[in-house]
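A look at the structure
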Amino acid sequence: MWDKIRSLFTARSDPHGYTVYVACDRCGEKLKTRINKAHDLSVEYGARQGKDTYFCRKVLSGDGPCFQRIEVELTFDERKRVIDKEISGGRFISREEYMQG
Ligand SMILES: [Zn+2]
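Everything in this summary refers to the structure shown in the same document. (Residues numbered from 1 in each chain as written. Predicted model: local features only at pLDDT ≥ 70, side-chain atom pairs only at ≥ 80, totals over all residues. Heavy atoms only, no water.)

**So, the overall build of the protein chain**
Convention followed: Helical segments are the DSSP runs of H or I of at least four residues, strand segments are the runs of E of at least two, and each set is numbered from the N terminus. Exposed residues in this analysis have more than 50% of their type's maximum accessible area, buried residues have under 20%, and partly exposed residues fall in between, with area computed by a 1.4 Å probe over protein chains only. Throughout, a residue-residue contact means that at least one pair of heavy atoms, one from each residue, lies within 4.5 Å. Here the open area of atoms and residues is found with the Shrake-Rupley method and a 1.4 Å probe, where only the protein chains shown may cover a residue.
The helix and strand inventory of the protein chain stands at two helices and seven strands. What you see in the protein chain, going N to C, is helices and strands ordered as α-β-β-β-β-β-β-β-α. Per-residue burial over the protein chain gives 25% buried out of 101 residues. A fraction of 39% describes how many contacts in the protein chain between residues 6 or more apart in sequence connect residues 24 or more apart. Per element, the accessible surface of the protein chain, about 7,200 Å² overall, is 48% carbon and sulfur.

As structure tokens, then:
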């Protein structure tokens, strides 16, 4: 019973994933991608004040006709929390903004 509750909670908070929401600079199309913290990150040993950081780079392209490539670069701290993010070809938007369509 307890395990069941815990797994439900875990699924909702998604501790192993980080979802990025972006909008295309050119056509405004909204896109999202999920980063799997267990598989998609590469470690950079001692990169931040002697502590390890993790890095992830993703390229997104929309289904629309504009073929814009949106490049996202994320840096995570040693506990895999986002500490820095950069984007080119688009801009970061919130989950709420994404859901508005
Ligand atoms: Zn576009």
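**Comments concerning the nonpolar core**
Quick reminder of the rule: Buried Ala, Val, Leu, Ile, Met, Phe, Trp, Tyr and Cys residues form a nonpolar core when they are joined through side-chain atoms within 4.5 Å.
If you look at the biggest cluster of nonpolar residues, it comprises 14 residues, and the most contacted ones within it are Val22, Ile70 and Val72. Considering every element that reaches this core, the biggest residue donor is strand 5 (residues 69-76), with four residues. With near-sequence residues (within four places) excluded, valine 72 lies in contact with Val20, Val22, Cys56, Arg57, Lys58, Leu60, Glu86, Ile87 and Phe92.

**Some words on the side chain of glutamine 68**
Filter applied, for reference: Between N or O atoms, a polar contact is any pair within 3.5 Å; within protein, one atom must be a potential hydrogen donor and the other a potential acceptor, and residues adjacent in sequence are included only when both atoms are from side chains.
Turning to its location among the elements, glutamine 68 is positioned in the loop between strand 4 (51-61) and strand 5. Within polar-contact distance, the side chain of glutamine 68 engages the side chain of arginine 26 at 2.9 Å. When sequence neighbours within four positions are dropped, the list of residues in contact with glutamine 68 reads Cys24, Asp25, Arg26, Leu60, Ser61, Gly62 and Gly89.

**Focus: unusual backbone geometry**
Although it is not a glycine, glutamine 49 sits at a positive phi angle of roughly 50°. Checked against the element boundaries, glutamine 49 lands in the loop between strand 3 (42-48) and strand 4. The backbone of lysine 80 shows a phi angle near 65°, a positive value even though the residue is not glycine. One can find lysine 80 in the loop between strand 5 and strand 6 (82-88).

**Observations regarding the sheet that holds strand 2 (residues 30-36)**
Applicable threshold: At least two DSSP bridges between two strands are needed for those strands to be called paired. Only the stretch in contact is used when fitting a helix axis, every axis being a line fitted to C-alpha atoms; angles between N-to-C directions are given from 0 to 180 degrees.
One open sheet accounts for three strands, arranged 2-1-7; its pairing is antiparallel. Sheet topology places strand 2 and strand 7 (90-92) at the edges, where each strand pairs with a single neighbour. Sheet twist, expressed as the average angle between the axes of neighbouring strands with direction ignored, equals 35°. Bridge count for strand 1 (residues 17-24) against strand 7 is three bridges, and the pairing is antiparallel. Bridge pairing in strand 7 places alanine 23 opposite arginine 91.

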